[in-house]
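Observations on chain architecture
As a plain string of letters, each chain reads:
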Amino acid sequence: MSLIPSLFGGRRSNVFDPFSLDAWDPFQGFFSPSALANASGSTACDIAAFTNARVDWKETPEAHVVKADLPGLKKEEVKVEVEDKNILQISGERSKENEEKNDKWHRVERASGKFMRRFKLPENAKMEEVKATMENGVLTVTIPKAPEKKPEVKSIDISG
């Protein structure tokens, strides 16, 4: 991809044009589903499921809130764990759909397999009070924050 935009507008694609918007990818096909399946023995769907657990993490004045999109999963298929007092781990597995011999698949895009996401939380997170809910395929993990310690101020009387 060119770092300099086209002065003439529109999308250009030419192998010999140094300002072309299409970049040559030396790894094109290297990470294809067939190459991945041959390399690791697992399917591309397994790898996609591992990387497709999309997560948002926001901090409010009261808590850290982590939301993960896990469409099609039930709460029984998801694990939320606290590790080493400050690591939040979200993991689970989406089962593969049963295949029948007479089935003819035209497209397989939905991922199946295991996924895992880990987050190191700051020191102010109260890990013993973590709460998790799951609604409509969205996992919400709420980690309350410890109140901010304000420095103790001591007034000194001035004599004289």
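Above this text you will find the structure in question.
This report concerns the structure included in the present document. Please read these numbers as outputs of a predicted model, since none were measured by experiment. (Residues numbered from 1 in each chain as written. Predicted model: local features only at pLDDT ≥ 70, side-chain atom pairs only at ≥ 80, totals over all residues. Heavy atoms only, no water.)

When helices and strands are counted, the protein chain shows two helices and seven strands. Taken from N to C terminus, the helices and strands of the protein chain fall in the order α-α-β-β-β-β-β-β-β. Looking at the protein chain residue by residue over its 160 residues, the buried ones come to 24%. Put simply, 50% of the contacts in the protein chain that link residues at least 6 apart link residues at least 24 apart. (Helix = DSSP H or I, 4+ residues; strand = E, 2+ residues; numbered from the N terminus. Buried < 20%, exposed > 50% of the residue type's maximum accessible area, 1.4 Å probe, protein only. Contact = heavy atoms within 4.5 Å.)

Our focus in this paragraph is the pairing of strand β2 (residues 63-69). Within β2, five of the seven residues are buried, which leaves the element mostly enclosed by the surrounding structure. Bridge count for strand β1 (residues 54-59) against β2 is six bridges, and the pairing is antiparallel. Bridge pairing in β2 links Val55 to Ala68. In sequence, β1 turns back onto β2 through a hairpin of three residues. Two strands pair when backbone bridges link them, and β2 and strand β7 (residues 138-144) are joined in this way by seven bridges, in the antiparallel orientation. Paired with His64 across the two strands is Ile143, which belongs to β7. (Pairing = 2+ DSSP bridges.)

With antiparallel pairing, the three strands of this open sheet are ordered in space as β3-β4-β5. Looking at strand neighbours, the two that pair on one side only are β3 (78-83) and β5 (113-120), the edges of this open sheet. Ignoring strand direction, the axes of neighbouring strands in this sheet form an average angle of 15°. In this structure, β3 lies alongside strand β4 (residues 87-94), joined through six bridges in antiparallel fashion. If you follow Val82 over to β4, its bridge partner there is Leu88. (Axes fitted to C-alpha atoms, helices over the stretch in contact; angles between N-to-C directions.)

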